[in-house]
Amino acid sequence: MASFVFGIVIAKDSFFANFGHGNKVAYYTMLFFFYLVNYFIIVFFNMALIHCTRAYFRGEEVNLRQGLEFSFSRIGVIFLWAIFAATVGTILKAIQENSGWLGKIITGIIGIVWNVATFFVVPVIAYENLGPIDAFTRSTNIMKQKWGESLAGNFSFGLVQFIGIIIISVPLFFLGSLANPMLGIALAVLTAFIIIATVSAAQTVFTAAVYFHINGEESQQFNHELMDHLFVSK
């Protein structure tokens, strides 16, 4: 949250805005580090959650400390992946900002493909001891193998998140606004944040479940036959 607030502040600051337009190298370098911090934080904590998920599926005791310690043990590969992802993100952003409408469409399509292809990257770099490029390739291959499952899951969680915000955050905004507009905004933002965080965690658990199922890890916590037939095959 702090990194996003920082990004908003510097975007509104005329000094930084002029600095960015006057020096493209400095602007994209700053953007790269912004992406780097975000990717590192996201992957670090998602990996901890996936490790806790694996322990739960195995019937073991789950605690936050074990998850964080596992992420710390993989901190090198997490950092390498963050560099790789930030590089790709910065390049796409540069192309998007310096090309016409056709370039924007192309980079938009590439961005969608990138999100799909990297769906299983976190569990891959967690357990398969692969570098960034090999992890990307491995995630892509898993995606080809389980195309329907991952895409349907991604869409379903996004739909749940959208519905949750509509039926919870929006009514709370109007109710809070009856007393004070700022209260309405605060309630809406807080509940939306909780919904997004919860759904994001659920999606990470789902990704872990599909990944472990693909790799043949038996678990008493979910039905393997159901996992095979839950979605339409490719």
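Structure first, text after, so check above.
Here goes a summary of the coordinates provided. Keep in mind that what you see is a predicted model, and the values were worked out from it rather than measured.

Time to look at the nonpolar core. Nonpolar side chains in soluble globular proteins generally cluster together in the buried interior. Ranked by size, the top nonpolar core spans 32 residues in total, and within it Val43, Met47, Trp81, Phe120 and Ile125 carry the most contacts. Those elements giving two or more residues to this core turn out to be α3 (24-57), α5 (75-97), α6 (101-117), α7 (121-127), α8 (132-145) and α10 (181-214). Sorting elements by how many residues they give to this core places α10 first, with nine residues. For Trp81, the contacting residues outside a window of four places in its chain are Val43, Trp114, Thr118, Val121, Ile125, Pro132 and Phe136.

Attention now moves to the pattern of salt bridges. Tallied over the entire structure, the rule returns two salt bridges. Put simply, Arg138 and Glu128 hold a salt bridge, and the shortest N to O gap is 3.0 Å. You can see Arg138 sitting in helix α8 and its partner Glu128 sitting in the loop between α7 and α8, a full 10 residues away along the chain. Residue Arg138 is classed as partly exposed on the basis of its relative accessible area, which comes to 23%. When its relative accessible area of 21% is taken as the criterion, Glu128 is described as partly exposed.

Quick look at the environment of Tyr211 now. In this fold, Tyr211 is placed in helix α10. Here the alpha-carbon distance between Tyr211 and Phe120, two residues 91 residues apart in the chain, equals 7.1 Å. Residue contacts for Tyr211: discarding those within four places in its chain leaves Phe120, Pro123, Val124, Tyr127, Glu128 and Ile142.

Turning our eyes to something else, we now look at the side chain of Thr107. You can see Thr107 is positioned in helix α6. Here Thr107 falls in the buried class, since its relative accessible area comes to 6%.

Residues of helix α4 (residues 64-73) that are buried include every one of Gly67, Phe70 and Ser71, and no others. Buried residues of α4 fall within an arc of 100° about the axis and therefore sit on the same side. Structural note: α4 exposes Arg65, Phe72 and Ser73 on the side pointing more than 90 degrees away from its buried face. Turning to α4, the residues buried within the fold contact α3, α5 and α7. Near the N-terminus of α4, the side chain that reaches the backbone nitrogen of Arg65, with its oxygen 3.2 Å away, is that of Asn63.

For any two helices packed against each other, the geometry comes down to the angle between their axes and how far apart the axes lie. At a closest axis distance of 8 Å, the pairing of α6 and α8 adopts a crossing angle of 85°. Relative to α8, α6 is oriented roughly perpendicular. Residue-level contacts link Trp114, Val116 and Ala117 of α6 to Phe136, Ser139, Thr140 and Met143 of α8.

Once that is clear, we can look at the packing of aromatic side chains. What characterises a pair of aromatic rings is the spacing of the ring centres plus the angle enclosed by the ring planes. Applying the stated rule across the entire model yields 20 aromatic pairs. Between Tyr27 and Tyr28, the ring centres sit 4.8 Å apart and the planes meet at 70°, which makes this aromatic pair edge-to-face. With a centroid separation of 5.3 Å and an interplanar angle of 55°, the aromatic rings of Trp81 and Phe84 are classed as tilted. Of the two residues, Trp81 and Phe84 both sit in helix α5, three residues apart, roughly one turn of that helix. Here the aromatic residues Tyr56, Phe57, Phe70, Tyr127, Tyr211 and Phe212 are joined through ring pairs into a cluster of three or more. Positioned above the aromatic ring of Tyr127, the side-chain terminus of Arg54 is 4.2 Å from the ring centre.

A surface patch of nonpolar side chains, about 730 Å² in accessible area, is lined by Leu159, Phe162, Ile163, Ile166, Ile167, Ile168, Val170 and Phe174. Examined against the element boundaries, Val170 turns out to sit in helix α9 (residues 147-179). Look at Val170 and you get partly exposed, because its relative accessible area is 32%.

With 17 residues, α6 extends 24 Å between its outermost C-alpha atoms, agreeing within 8% with the 24 Å of an ideal straight helix rising 1.5 Å per residue. Taken as a whole, α6 has its buried residues at Gly103, Thr107, Gly111, Trp114, Val116 and Ala117.

Reading the values: the criteria
- Numbering of residues begins from 1 in every chain and follows the order in which that chain's sequence is written.
- pLDDT decides what is reported in this predicted model: residues at 70 or higher carry local features, side-chain atom pairs at 80 or more are listed and counted, and totals for whole chains, interfaces and linings draw on all residues regardless.
- As a rule here, side-chain values come from all non-hydrogen atoms in the structure, and water together with hydrogens is ignored.
- Residue types Ala, Val, Leu, Ile, Met, Phe, Trp, Tyr and Cys, when buried and joined through side-chain atoms within 4.5 Å, form a set referred to as a nonpolar core.
- Each residue gets one of three labels from its accessible area relative to the maximum for its type: buried under 20%, exposed over 50%, partly exposed in between, using a 1.4 Å probe on protein chains only.
- Strands are runs of DSSP state E lasting at least two residues, helices are runs of H or I lasting at least four, and both sets are numbered from the N terminus onward.
- We call two residues in contact whenever any of their non-hydrogen atoms come within 4.5 Å of each other.
- A pair is scored as a salt bridge if a Lys or Arg side-chain nitrogen falls within 4 Å of a carboxyl oxygen belonging to Asp or Glu.
- What the arc measures is the spread of directions leading from the helix axis to the C-beta atoms.
- Side-chain atoms alone can form a polar contact between residues adjacent in sequence; in general such a contact is a pair of N or O atoms within 3.5 Å, and within protein one must be able to donate a hydrogen while the other accepts it.
- Every axis in this analysis is a line fitted to C-alpha atoms, fitted for helices over the stretch in contact. Angles between the N-to-C directions lie between 0 and 180 degrees.
- Any angle from 65 to 115 degrees is called roughly perpendicular, while one under 35 is roughly parallel, one over 145 is roughly antiparallel, and all others are oblique.
- Each Phe, Tyr or Trp ring, with Trp reduced to its six-membered ring, pairs with another whose centre is within 6.5 Å; inter-plane angles below 30 degrees give stacked pairs, above 60 give edge-to-face pairs, and intermediate values give tilted ones.
- Whether a charge sits over a ring depends on NZ of Lys or CZ of Arg being within 6 Å of the ring centre and within 35 degrees of the ring normal.
- Note that patches include only residues with greater than 30% relative accessible area and no salt bridge, and the join distances are 9 Å for like charges and 5 Å for nonpolar side chains (Val, Leu, Ile, Met, Phe, Trp, Tyr).
- Note on areas: these come from Shrake-Rupley sampling with a 1.4 Å probe, and a residue is covered only by the protein chains present in the view.
- For a helix, the expected span equals 1.5 Å multiplied by the number of residues minus one.

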